Every structure is written in structure tokens, then in C-alpha cells.
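Summary of the model geometry
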Amino acid sequence: MARYNAKTTEAKWQAAWKAARTFEAVEDPDKPKYYVLEMFPYPSGRIHMGHVRNYAMGDVVARYKRARGFNVLHPMGWDAFGLPAENAALEKQIHPAKWTYENIANMRSQLQAMGLSLDWSREFATCDVEYYRHQQKLFLDLLDSDMAYRRESWVNWDPAEQTVLANEQVIDGRGWRSGEPVERRQLWQWFFRITAFEDELLDALGDLERWPDKVRLMQANWIGRSEGARLRFAVKHQDLEIEVFTTRPDTIFGASFLALSPDHPETAALAADNPEIAAFVTECRRQGTSEEAVEKAEKLGFDTGLRARHPFSDDVELPVYIANFVLIGYGTGAIFGCPAHDQRDLDFARKYGLAVQPVVVPKGTEASEFAVGTEAYTGPGLLANSEFLDGMSMEDAMGEVARRAEEGNFGTQEVMYRLRDWGVSRQRYWGCPIPVVHCDDCGVVPVHEADLPITLPDDVTFDRPGNPLDRHPTWGATDCPVCGKSARRETDTFDTFVDSSWYFARFCSPHADRPLDKAAVDYWLPVDQYIGGVEHAILHLLYARFYTRAIQKCGHLAVSEPFAGLFTQGMVCHETYRDDDGNWLEPTEVSRNDTGQLVRMDNSAAVTTGRSEKMSKSRKNVIDPEDIIERYGADTARWFMLSDSPPERDLEWTDGGIEGAWRFTGRIWRIIEEAAVELPPPGLAMPDHFGDRALALRRITHQAIAAVTDGIERFQFNVSVARLYEIANALGSLEAEDQSGKDAAGEGWARREAIESLVVMIGPMMPHLAEEAWQALGRSGLLADAPWPTVDASLLVEDIVTIAVQLNGKIRATLEIERDQAEGDVRDAALALDKVKAAVADKTVRRVIVVPNRIVNVVI
RNA sequence: GCCCCCUUGGCGGAAUUGGCAGACGCACGGGACUUAAAAUCCCGAGACUUAACAGUCGUCCCGGUUCGAGUCCGGGAGGGGGCACCA
């Protein structure tokens, strides 16, 4: 009996699939299509366990759907532009293109070693000119239909590196690499008009039934629709009005101040003649641009000296502050503060000694007895201290304030969104060039379509700060497409989220000479099942939803929602290790010494174990999939990824877990080898009769088929795995029993049925082992082309059911009875049980609840 | 700060969605095979009480709804994630 050799077997079947072009998809109008897609990877150089988990799941779906008769599209490519390539260029003096394509080559072979059912003929990288030339064409179309535009916007600017920093690259107000204080700067940037679709993007979430509720909620919150009012406040002794947006117009009589954003135009005007204000604004701009930084920062304000008139009572005047917590990007960039009913406003009011007047009091509380201390009251209640609003509900008061404001022409009811337009400009080299030209006479002009692609220059250096495209000696020089005079190319490149906003569509026709081939796209889209990390729940998925609508308007495709089904998988985690000097250590760098203590392998220094966290290079708690595949094979790695942990939750990597998976592959192989010699040949007609043992096995088999199928359909692969263990256990114990006379009772046939079902069902999870087993069982053709087993529903139900019998809700006995008995009979049988009779004794039975085939509850 | 998620044996988790809590796996203990080990196979196991039969408790905590709650409702604790230039 040959031991199963994962390495040679896996290579053998990978070659067989490739030779047969098994996974190359062709449009076929006669078959139902199914498009499975996992979020394509960034080519960092090596695959990590997160990829293995993601692609193992996708492959289960893809292979399962194939077996169910679908025409499956399952492509793979590379999200290949982005910062890491430039960082590598900076640190390792290697060109981003070279680095990226070398990484792709390496990762491709790693993915191929996983034995995924991918159509490699459709592979592309977003940094391929053949991809981004079409992206440039799409951009020209967006520009044409006014869905792209330019405006000034704020960025984090690192003066030392001469570059824009991401929020995560700003640490305590300083650049992550330079350590220099970061400035906030305004820059002219390109934007996509995602806000034109905000209502549609929000409303359509309701139709995305196969998306997790969690993700839909996150997107809804992100879009952040809120109803409120826009109110204008006149400033006393000035020819000036300040417009605010509020979601709580009902609290207008509780207003005690107005606050302007430091970036508000009026603030700038004030700062121009007041150095103190200018200094305050500069101070505010030290804090980061992220919402988190703004919200967490200590509330700071500067009294401008301006006083605004309360719109409903002339004798009330409101001081106008500039406050660091007012965002310019939301609403009007100015607010009225009602400290009693908003925590931020309250913190601010306490700090600057402003009035705190409650105007909403809980029902049943006297207004005179209701006071606000250190916590704002944001709960429900009735209006008080509010003149004509007194006694109204909050809802009525909001309507009344808006009505009166409209009447008095100083405000309107309004719906506001948190969503902002999508800034797509990046001042970087390694991205898709934005195909426009800056002409002194004609302004910003799109490049002629015939002049596409605008390719990146190869001869760039990263030895100096700033964008290499800006300082390239010749690349930027061109002629204006309109007037022909010399002009300059746009040096901004696209955000990589643009690349990933249509790649799924390009996969339908990856070699088309237009961005999308309509026939192919109409056949394959939408993606039926999209799988990836929850970290993309908002941005990538929202941008892709928007972009699909935007290019739909330009006539490139027919669908408006790109992903009909979405699954977000959990992360892969591992314990973390640090030595006493605080250095992170890789799992391979630590071991247990004689006393069982964790120590560094090189110098025996003590190591402390930290909590399990997402595998990451920075914490060094990574297990390299290549090592695992080398040692155990891809099937074992895939099996472990699918076992135990529910796919949406985090998976804890353990040595024990992978060992267990490895043992199981060996066990399957032993079952197959032992069975192969004694089973009847494949394809025999089903016998007319089965003995008890054969019938019992068939029941197990068909119950397992039903459960495994259900598990895959519901994305509970861990449950499917458990059921596969059960059928393997059943076959194992059958092995041990006496087998004489089995053929007469149809046992051989039932055993073949069980084993073949097991093999077909592990196929999506451990495809190489399954192919090898299929062959060993005497089957011809590829298992990858074999149909999924069908369930005989009559074998799912047992004739005798065990019913739990409760007394006052506590289980006291069980009852074996034929299934589907009349309720009265079940009730009588339960009451006739000794235990029940003893408990009831002379008491009266008040009630008996019978749940068919499940439970009887006797209430006494 | 705001928003979201999670919490079941020593561990990962299951529970047909309100009906026998702990399937399946890991780790552990005992046994078989072996000269021995590895591998493999078999058996055991939530906690507490008991010699045993058996009983009590038990799904983060407190309360509620219900004949019946891991599951529904209210309140609380702990852990984690996201917050617009990482991808």
C-alpha cells in the first residue's frame, strides 16, 4: 500500500487540468452561468494565509457550482499599482515595474501550487498597459458625462518628502518616514461625482439580498443620509449671514453659540485681518484630517467677537466661535451649538462658560426640574423653554421650525449626506496616468482618444523626494490637443481603487480591444459570488458599485450592481511573540526550552507571548503558506482553512489544526485504498433490495450529502467538513466489522455509493486527493467534471424518532416512537412513561404541549 | 469621540432559527498493535455532588417574555474592527 504522496500527486493533477483546459471558461447560452470571484491580490511578492483562506473558499464555490452543472467563470489577476512598489523602489533601488512583475511571477506559481480551479487564460495586472489604456478611455467617457471634475481639497502634506500622506502615515501629526510635522494643504485634485448616485447607492442596498446585513449597514452609515434643516443666522452689525446645517432644528431655542470650521471661507476672511485667528487656524490644522483625529481631539474654540441674532428671538445673541471639531466637508461647515442635547457642544460650552438650556425633557418630567450636568440628553421627550414649540414632540418641532424658517426666508428643510465625492488624484508615479493636459490657453483638456494609452515613463528615479513624474525631463511635455501649443501632461495618477472598480468586468473579455465587450459582459455579469475581506466592506465595494453605474451611463455595460452575492471572510490570526527588547519574533524564531519556556532560538533570550492577532509582517506572526504546502501539500492547507472556524469569523492558526488536517488526508487515502480492492466495479445498476446494514449506510450517506450541500450553499464550510468527517468515520467503523454476505444485501453497492459520494464532496476542498481517489476507484475522466451526488429524500427521514419528554420545561425522559404519530397518541405515550407517571402522581396535568417528532412538555 | 461586530467545555466550534446544549475537530486520559517508538485503531470525558443508582448546576453578568431561551426583549461587562491617500 503506497503512502499518499501529496507533492507528486498534486503536480500530476494540476498538469492534467491544465492539459485538458478544464477551467477555461467559454460563454455558452445553453448553460446557466455562475461567476465566482475572489478579491484579486496586491502582488506583494508572496501569498499569505489570508489569500489561502480566501481562495480556498472561492474554489469550493467554483468547483461545487461546476459539479452542479453551471458554466463557471473563475478568473484571477493582480491589483498591481500602489504605494508598496514605490516604497520598494526607495528602499531597494529597484524599479516599481520590475519589482511588481517579479512579484506577480512568484505569486502566480504559488497560487498555481494551490490547485485552484482558475481560468488563467484571463489573467491580467492592472499595471499592464493593455489594462490601463482602457481605464483611461473610461475616464474620458466619465469626463464627457460630467462625472469627473477637478477642485481644490485638503491633504496631509509632508514638507520633507514633498508628498501627500495617507492618514495612516501621519503619526502624532508627523510624517511616518520623515518625522517632520505634517501640514494641511489645499491641492487641485480630480474627483468622481459619486454623490450624484448617493440616493441610488443607498436605496439599492435593500435589493442586495445576498450581501451580509453588516456590510449593507456599514455602507448605509457611510453614505449617512440625514434629514434636517439649513438655517441662516444674521450677524449683528455686519453685512454677513452664517449658514448652518442641523439635524436637530427642534433644539433651536437651546442654541448658545455658533461655530465655524477652521477651513470655512468666513474663517479665512477673519484670519486675514486677525493674526490671533490665523494662529488658531494654523493650530487646528496640526491635527490630522481623519474623522477620528478630529473627534478625539480636545474641543478648542476661538471667540471671533462676532454675535449672531437668534432667528426666533431678537433679544438672544449667539457668540460666533471657530471650533476645531466642525468639519468643512460635512453640511455647511458651520453649526449652531445646543449644549444640552449634544455631547460635543456640551463639552465645548462647559469649557468656554456658555449657557446650557435644556429644551427637550423626558415625558413626565417637569421642565423646571430637568437639568443637564456633564452628560447631554439625547433621548426622546417633549419641547420646553421653547416659546411656540413648548409641549410639541421633537418631530413636530422639527417640522415647525423648518416651516417657519421657510416662511421667514431664513432656512429650508434639507437632506444632507455624509458621503463626499471620491478623490481619485494621487501625486504618485506607480499608478494609471490621468489622461489630460494642462494648457495655458485652453485650461485642462482631455487627451484625444486616439492618443491613448498615456504610458508611464520607465526612466524614473526615486532618489529625491516628490513625484518622479513631476520632475521627469521630457515626459510631461506635450502639445495641447485643442490648440496645439506646447502644454504639460497631468502628473497625477489614479487612486488604485479606480483600477479595482471595474476589473471584475474586464475579466469577462480580458483581451477585447475596447474596455468591455458587451456580449461577454452581458453574459457573465453580475458576479454571482464575490468573496473577500471585510476590510473592503465600504470603500472598494461602494466605489465599484458607483463605477459600475457610472460606466453603465456611458453605455459600457447593462448591469448597475456588480456583485449579486457577497461574502466577507474573517482574518487569519496567530499568537505574537516579542523578546525583552520589544522585538517582534517570527513563530519560526522561537521554541520551547527544557523548562517549557518560550525562548529565542538564536540566543535563548526569554520571549513573551502576546494575544493572537491578524497575521502581519509588522508583528511577524506569519506562517508562510509556501512552507505549509511544501510540507503537507495544498489539499491539507485548504482543508484546514475550511475546517473548524466559520468562514466569516477569524481563524486561529495552530500547529495542531494543520496536523489534524494532514492526518485526515492520510485517513481518506487509507479508506480509498482498502476499499478499492474489494468494491464492486463502478457504474452498476442499483440493487432492488438493501439489507439493514446497507440501508443504514445509505441513510448516513444521503444525510451527509444533504448536510454537506446545505453547508456549502450557506457558506458554512466548517459544518460541511464536520459532516464529511462523519461519513468517513462511518466508513471506517464499517471497515472493522464483519463483511460476510454483504453483496447479497447490496452492501458493496452501498459502500461504493458512500465512498464515491465522499470523494466527490471532498473534491471542492481537496481536489488533488479527490482526483487521485476517483482514479483509484476505477472511474475514468476527471473528477472535476463529475456531477454532484443527488439526495434520495426518502433516506433522510428515520422511521423511529426519539422525542424528548419534559416536565415543566425540564427534560426528564425520552420516548422512542414511530414518526408522524397523531398528537393524541404521542401525548398518551408520554403520559404513560413511568417517570412521567411518578412525577404526576396525584397532581393534575394542566397542559401538554406536543411538538411533532421533537418534544412533549407536560405541565403540572 | 462616532459607528459596527463578537462572547457556548481546556481550545476552535455545532445546534434544522424558540424545542434533547456541546455535533465534528484539536488538545488530554486509558487501552490495543509493536522488542520499543512513530504511525494507526478502539474507548472515555461540561462542572459539581455520589461508592453507585442518580441528582443539581451550566451557553459573559443581571432582569424580562414564554409551557419551554444559547436563540427573542431591556440593562450591564469584557474583547475586537472601521472611520475616506494601506490595499
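Scroll up to find the structure.
A brief report on the enclosed structure follows. For every chain, the first residue of its written sequence is number 1, and the numbers climb from 1 along that sequence. Here the convention is simple: chains get letters from A, ligands get numbers from 1, in the order in which they are written. Per-residue local features are limited, in this predicted model, to residues with pLDDT of at least 70; the limit for side-chain atom pairs, both in listing and counting, is 80 or more; totals at the level of whole chains, interfaces and linings are taken over all residues. Side-chain metrics in this entry use all non-hydrogen atoms of the structure; hydrogen atoms and water are not considered.

Before going further, it helps to spend a moment on the side chain of Arg 122. Secondary structure elements are taken from DSSP: a helix is a run of H or I of four residues or more, a strand is a run of E of two residues or more, and numbering for both begins at the N terminus. Checked against the element boundaries, Arg 122 lands in the loop between helix H4 (96-113) and helix H5 (129-144). Given a relative accessible area of 6%, Arg 122 falls into the buried group. Each polar contact in these results corresponds to two N or O atoms within 3.5 Å; when the atoms are within protein, one needs to be able to donate a hydrogen and the other to accept it, and residues that are neighboring in sequence are counted only if both atoms are side-chain atoms. In terms of polar contacts, Arg 122 uses its side chain to reach the backbone carbonyl oxygen of Ala 25, at 2.9 Å. Looking at Arg 122, its side chain comes within polar contact range of the main-chain oxygen of Cys 508, at 3.1 Å. The buried label applies to any residue whose accessible area, calculated with a 1.4 Å probe on protein chains only, is under 20% of its type's maximum; exposed applies above 50%, and partly exposed to all values in between.

Two numbers describe how helix H7 (residues 213-223) lies on helix H17 (residues 539-553): the axes approach to 10 Å, and their chain directions differ by 75°. Compared by their axis directions, H7 and H17 come out roughly perpendicular. Contact with H7, carried on its side by Val 215, Gln 219, Trp 222 and Ile 223, involves Leu 539, Leu 541, Leu 542 and Arg 545 of H17 and no other residues of that element. Of the residues that constitute the contact of H7 with H17, the class distribution is 6 nonpolar, 1 polar and 1 charged. Axis geometry follows a simple rule: fit a line to the C-alpha atoms, using only the stretch in contact for helices, then measure angles between N-to-C directions, giving values from 0 to 180 degrees. For classification, angles of less than 35 degrees are called roughly parallel, those exceeding 145 degrees roughly antiparallel, those between 65 and 115 degrees roughly perpendicular, and all remaining angles oblique. Residues count as neighbours in contact if any of their non-hydrogen atoms are within 4.5 Å of one another. Residue type decides the class: Asp, Glu, Lys and Arg count as charged, Ala, Val, Leu, Ile, Met, Phe, Trp, Tyr, Cys and Pro as nonpolar, and the leftover types, Gly among them, as polar.

On to the sheet that holds strand S2 (residues 71-73). The 4 strands lie next to each other as S2-S1-S24-S25, forming an open sheet whose pairing is parallel. Of all strands in the sheet, those with a lone pairing partner are S2 and strand S25 (566-569), marking the two edges. With direction set aside, neighbouring strand axes in the sheet form an average angle of 20°. DSSP bridges decide pairing: two strands pair if at least two such bridges lie between them. Note: strand S1 (residues 33-38) against strand S24 (residues 529-533), 3 bridges, orientation parallel. In the sheet register, Leu 37 faces S24, and the bridge partner there is Tyr 530.

As a general feature of sheets, a regular strand has side chains that alternate between the two faces. Counting buried residues along S1, 6 of its 6 residues qualify, which places the element largely inside the surrounding structure. What you see with S1 is no split at all: Lys 33, Tyr 35 and Leu 37 on one side and Tyr 34, Val 36 and Glu 38 on the other are buried throughout. The pairing of S1 with S2 spans 3 bridges and is classified as parallel. Looking across to S2, one finds that Lys 33 is bridged to Asn 71. In the classification by handedness, the crossover that spans S1, the intervening helix H2 (residues 49-67) and the parallel S2 is right-handed. By convention, orient the strands away from the viewer: a clockwise path from the first strand over the helix to the second makes the crossover right-handed.

A patch consists of residues whose relative accessible area exceeds 30% and which take part in no salt bridge; residues with like charges are grouped when within 9 Å of each other, and nonpolar side chains (Val, Leu, Ile, Met, Phe, Trp, Tyr) when within 5 Å. Where accessible areas are quoted, they stem from the Shrake-Rupley method and a 1.4 Å probe; at the residue level, only the protein chains shown are allowed to cover. Within this document, salt bridges are pairs made up of a side-chain nitrogen of Lys or Arg and a carboxyl oxygen of Asp or Glu, the two lying within 4 Å of each other. Note on charges: Lys and Arg go in the positive column, Asp and Glu in the negative column, and His and the chain ends are not counted at all. We put the charge of a Lys on NZ, of an Arg on CZ, of an Asp on CG and of a Glu on CD. Where like charges cluster on the molecular surface, the negative patch consists of Asp 314, Asp 315, Glu 387 and Asp 390. On the secondary structure map, Asp 390 appears in the loop between strand S15 (382-383) and helix H12 (394-407).

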